[in-house]
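Residue strings, one per chain:
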Amino acid sequence: MLKDLIIPMFENAFESARAAGDLTSEDKPAVVIETPPNEAFGDFSCNIAMTLARAERKAPLVIAEKIVKHFEAPEGFLRDARIEKPGFINLYLDGDFLCAKLGEIFSSPDDFGKNESGAGKSVHLEFVSANPTGPLHVGHGRGAALGDVLGRVLEASDFRVHREYYINDAGNQIETLAKSACARYLQDVKGDAVPFPGDGYQGEYIREIVKSSRFREGIGALEDEQALLSQAGVIAKDLILEDIKKSLSEFRVRFDEWFSESSLFTENGNKIEEAIAALEATGKLYEKDGAKWLASSAYGDEKDRVVVRDDGRPTYLASDIAYHHLKYERGFDRYINIWGADHHGYLPRVRASMGMLGHDPDKLDVLFVQFVSLRRGGEAVQMSTRAGEFEELSAVVDEVGVDAARFFFLMRSADTALEFDLDLAKEQSSENPVYYVQYAHARACSLFRQAAEEGESFDDLDEPPPGVLVLAEERQLMKNLLEWPDVVRTAAERLEPHHITFGLIALAKQFHAYYNRNRILGQGDGLTRARLCLAKCVQIVLKNGLNLLGVSAPEKM
């Protein structure tokens, strides 16, 4: 990665300047390399002179001159190093150096972009975890795309990732599902005039469940009200969970484990009771008004929380504590949850409870996914699971395709609201970002088909020879291609997969512009071969990036 080559150069220049007496600061400054927004200011820029100004008691411009005086780069690496006000040091890379570096892409094309920043550490990644009370909607789809691609990006950065879905199959929402299914069964199948629960799930999917042969056969001849209610809830939950698994599979999302909340109550002892007992042993639980309270306010929560109600029933927080306690006991290096934005308040109390149980709360990161507003025909589509007025993820995928759906869900940072334009997602034009990127890949592929049709063979491409790719846009393309591993690493370090999407759109834009302004084939063997090398590298990086997004890379469009 280019920035990794440059950082030691600035560190060595600082040490040399200090050894020569030109600088006096004892503390080694952090070296940050940025890409200037304007190409006129170089390929990379460093603000080390500004960060040293206070300690050195000198103007940043003076410090920059001292740094540049001692700056040493490998032969052929730099074309120029310039100082700009108020003290930036801007580097201009040599084009032939960039050409030679493209050989790294050719030497291992399928692996280009991968890095070792994870150092083999293990990550427990929990995402989606929607209640099995209804089909997945587009809000779940955004979390599914985010989690799946984050897992891919982390694996590309040498993390070992365990993907887990937490099935919320215990508690009030399952009881409400049972009452909803039972009422619809009595109304629609038995013809009984029974009232529907005021807080019930009203979606059409409930009617479809109770009319299914599996539901009716499972209910059989049950007449006892409690037995009927219990069985209705079990069958409805199982059918919905199967639908969720099918929708996620078709959306190219996989999990290593589906963890059932109900197992916390039943398997190998009651894990919730064990977690509560462990908290009581630490003295972090206290009783008030017949309930048991977690003293979470002392750990950054806004107030203390009830974990066991006055009637002895555990709260949702009790289940969360037990589940995360089990996670930590499994010994992962890091834990990442992806939650909806409406769960923001849960993080302080869960982290507090982990600290009380002797775990490191800083190992737990939570990404909060903001809501999706869906638009079709210029109008917003309302979504409400209880009222049945929501757009199912599977319906959206059927309408726009898996590629477009995944790409669109990742076009904004997770903490930013997303407007999903269904009409745009179906357009086959440059206005549609996923089409634009896929077309860039197909365009690069077409060059080699066209060359073959003209009797030319370029199967033995390697890095371009020096002195041939001299255009400014060629240099910019080469630099951006070589920065791709840094894009992947940044996405992994910041837990922000949208950097992949942004990087692909930027690369596609550059390549389309270059393709439209410059002929590639028929320019003489030397120039044609060099430009095809560049096109091949674009093809490789676009394909690798699309693979990280779980999006296809078509060779023809």
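What counts, and where the lines are drawn
- Throughout, residues of each chain are indexed from 1 in the direction in which the sequence is written.
- It should be noted that, the model being predicted, local features are given only for residues of pLDDT at least 70 and side-chain atom pairs only at 80 or more, the latter also being counted only at that level, while totals for whole chains, interfaces and linings use all residues.
- For the side-chain quantities, the full set of heavy atoms in the structure was used; hydrogens and water were omitted.
- A run of H or I in DSSP becomes a helix once it reaches four residues, and a run of E becomes a strand once it reaches two; helices and strands are each numbered from the N terminus.
- Exposed residues in this analysis have more than 50% of their type's maximum accessible area, buried residues have under 20%, and partly exposed residues fall in between, with area computed by a 1.4 Å probe over protein chains only.
- Accessible surface is estimated by sampling points in the Shrake-Rupley manner with a 1.4 Å probe; for residues, cover comes only from the protein chains shown.
- Think of it this way: Lys and Arg go in the positive column, Asp and Glu in the negative one, and His and the chain ends go nowhere.
- Charge positions are represented by NZ for Lys, CZ for Arg, CG for Asp and CD for Glu.
- What makes two strands pair is DSSP finding at least two bridges between them.
- Any two rings among Phe, Tyr and Trp, with Trp reduced to its six-membered ring, count as a pair given centres within 6.5 Å; such a pair is stacked if its planes are under 30 degrees apart, edge-to-face if over 60, and tilted if neither.
- Axis definition: a line fitted to C-alpha atoms, limited for helices to the stretch in contact. Angles are taken between N-to-C directions and run from 0 to 180 degrees.
- Here a residue-residue contact requires only that any non-hydrogen atoms of the pair lie within 4.5 Å.
- Just to be clear on terms, a salt bridge is a Lys or Arg side-chain nitrogen sitting within 4 Å of an Asp or Glu carboxyl oxygen.
- Each angle is binned into one of four classes, with values under 35 degrees roughly parallel, values over 145 roughly antiparallel, values of 65 to 115 roughly perpendicular, and all other values oblique.
- A clockwise turn of the near helix away from the far one marks a right-handed crossing, whereas an anticlockwise turn of less than a right angle marks a left-handed crossing.
- All residues other than Ala, Val, Leu, Ile, Met, Phe, Trp, Tyr, Cys, Pro, Asp, Glu, Lys and Arg, Gly among them, are scored as polar; the first ten of these are nonpolar and the last four charged.
- By nonpolar core is meant a set of buried Ala, Val, Leu, Ile, Met, Phe, Trp, Tyr and Cys residues that side-chain atoms within 4.5 Å join together.
- Disulfide: a pair of cysteine sulfur atoms within 2.5 Å of each other.

Secondary structure assignment for the chain yields 22 helices and 15 strands. Considering only C-alpha atoms, the chain reaches an extent of 85 × 65 × 40 Å along its principal axes. Each of the 557 residues in the chain was classed as buried or not, and the buried ones make up 50%. Split by element, the accessible area of the chain, about 25,100 Å² in all, is 46% carbon and sulfur. With 64 positive and 90 negative side-chain charges, the chain shows a separation of 2 Å between the mean positions of the two kinds.

Turning our attention to the pairing of strand β4 (residues 88-93). For β4, the tally of buried residues reaches five of six residues, placing the bulk of the element in the interior. One ladder, built from three bridges, connects strand β2 (residues 44-46) with β4; its direction is antiparallel. In the sheet register, Phe44 faces β4, and the bridge partner there is Leu91. Pairing geometry for strand β3 (residues 78-84) and β4, over six bridges, is antiparallel. Bridging from a neighbouring strand, Ile83 pairs with Ile89 of β4. Once β3 ends, the chain turns through three residues before running back antiparallel as β4, passing Gly87 with a positive phi of about 155°.

A separate point is the packing of aromatic side chains. Scanning the entire structure with this criterion turns up 19 aromatic pairs. Centroid distance Phe259 to Tyr323: 5.0 Å. Interplanar angle 35°. Geometry classified as tilted. Placement of the pair is Phe259 in strand β7 (residues 257-260) and Tyr323 in helix α13 (residues 316-329), with a sequence separation of 64 residues. In this structure, Phe259 and Tyr323 share a single accessibility class: buried. Between Phe408 and Phe420, the aromatic rings sit 5.3 Å apart at their centres with planes inclined by 40°, giving tilted as the arrangement. Note that Phe408 is positioned in helix α16 (residues 402-409) and Phe420 in strand β15 (residues 418-421), a separation of twelve residues in sequence. Take Phe408 and Phe420: they sit in the same class, and that class is buried.

One open sheet accounts for three strands, arranged β8-β9-β10; its pairing is antiparallel. On the outer flanks of this sheet lie β8 (285-288) and β10 (305-308), each paired with one strand and no other. Taking each pair of neighbouring strands and ignoring which way they run, the sheet shows an average axis angle of 45°. Where β8 meets strand β9 (residues 291-294), four bridges bridge the pair, whose relative direction is antiparallel. Bridge pairing in β9 places Glu287 opposite Lys292. Most of the contacts of α13 go to β10, to which it runs at about 80°, and overall it touches β9 and β10.

Attention now goes to the pattern of salt bridges. On inspection of all chains with the given rule, the structure shows 38 salt bridges. Here Glu302 makes a salt bridge to Arg305, at a shortest N to O gap of 3.5 Å. On the basis of relative accessibility, which here comes to 69%, the residue Glu302 falls in the exposed class. On the accessibility criterion, Arg305 (12% relative accessible area) is buried. Three or more residues are tied together by salt bridges with common partners; here these are Lys3, Asp4, Asp486 and Arg489.

What follows deals with the packing of helix α6 (residues 138-156) against helix α20 (residues 484-494). Relative to each other, α6 and α20 sit at 120°, their axes nearing to 9 Å. Classified by the interaxial angle, the pair formed by α6 and α20 is oblique. Crossing angle aside, the handedness with which α6 passes α20 is left-handed. On α20, the residues touching Val153, Leu154 and Ala156 of α6 are Val488, Ala491 and Ala492. Of the residues that constitute the contact of α6 with α20, the class distribution is six nonpolar, no polar and no charged.

Turning to the sheet that holds strand β12 (residues 364-369), a few remarks are in order. One open sheet accounts for five strands, arranged β7-β6-β5-β11-β12; its pairing is parallel. Of all the strands in the sheet, the pair left with one neighbour each is β7 and β12. When the angles between neighbouring strand axes are averaged without regard to direction, this sheet yields 25°. Relative to strand β11 (residues 334-340), strand β5 (residues 122-126) runs parallel, the two sharing four bridges. Each bridged residue has a counterpart across the sheet, and for Glu126 the counterpart in β11 is Asn337. Along the sheet, α6 contacts β5, β6 (160-167), β11 and β12; its crossing angle with β6, the most-contacted strand, is approximately 160°. Running at roughly 155° to β7, helix α10 (residues 225-250) makes contact with β6 and β7 of the sheet.

As a further point, take the nonpolar core. Counting residues in each nonpolar core, the largest one holds 139 residues, and the members touching the most others are Phe10, Phe251, Phe409 and Phe420. Considering every element that reaches this core, the biggest residue donor is helix α22 (residues 525-549), with 13 residues. In this structure, Leu285, Leu294, Val307 and Val366 belong to the second largest nonpolar core, which totals 30 residues.

Under the defined criterion, the tally for this structure stands at zero disulfides. Left without a disulfide partner, Cys99 is nearest to the cysteine sulfur of Cys533, which lies 8.8 Å away. Of all cysteine sulfurs, the one in Cys537 lies closest to Cys445, which takes part in no disulfide; the gap is 13 Å. Looking at Cys445, the relative accessible area reads 6%, which means it is buried.

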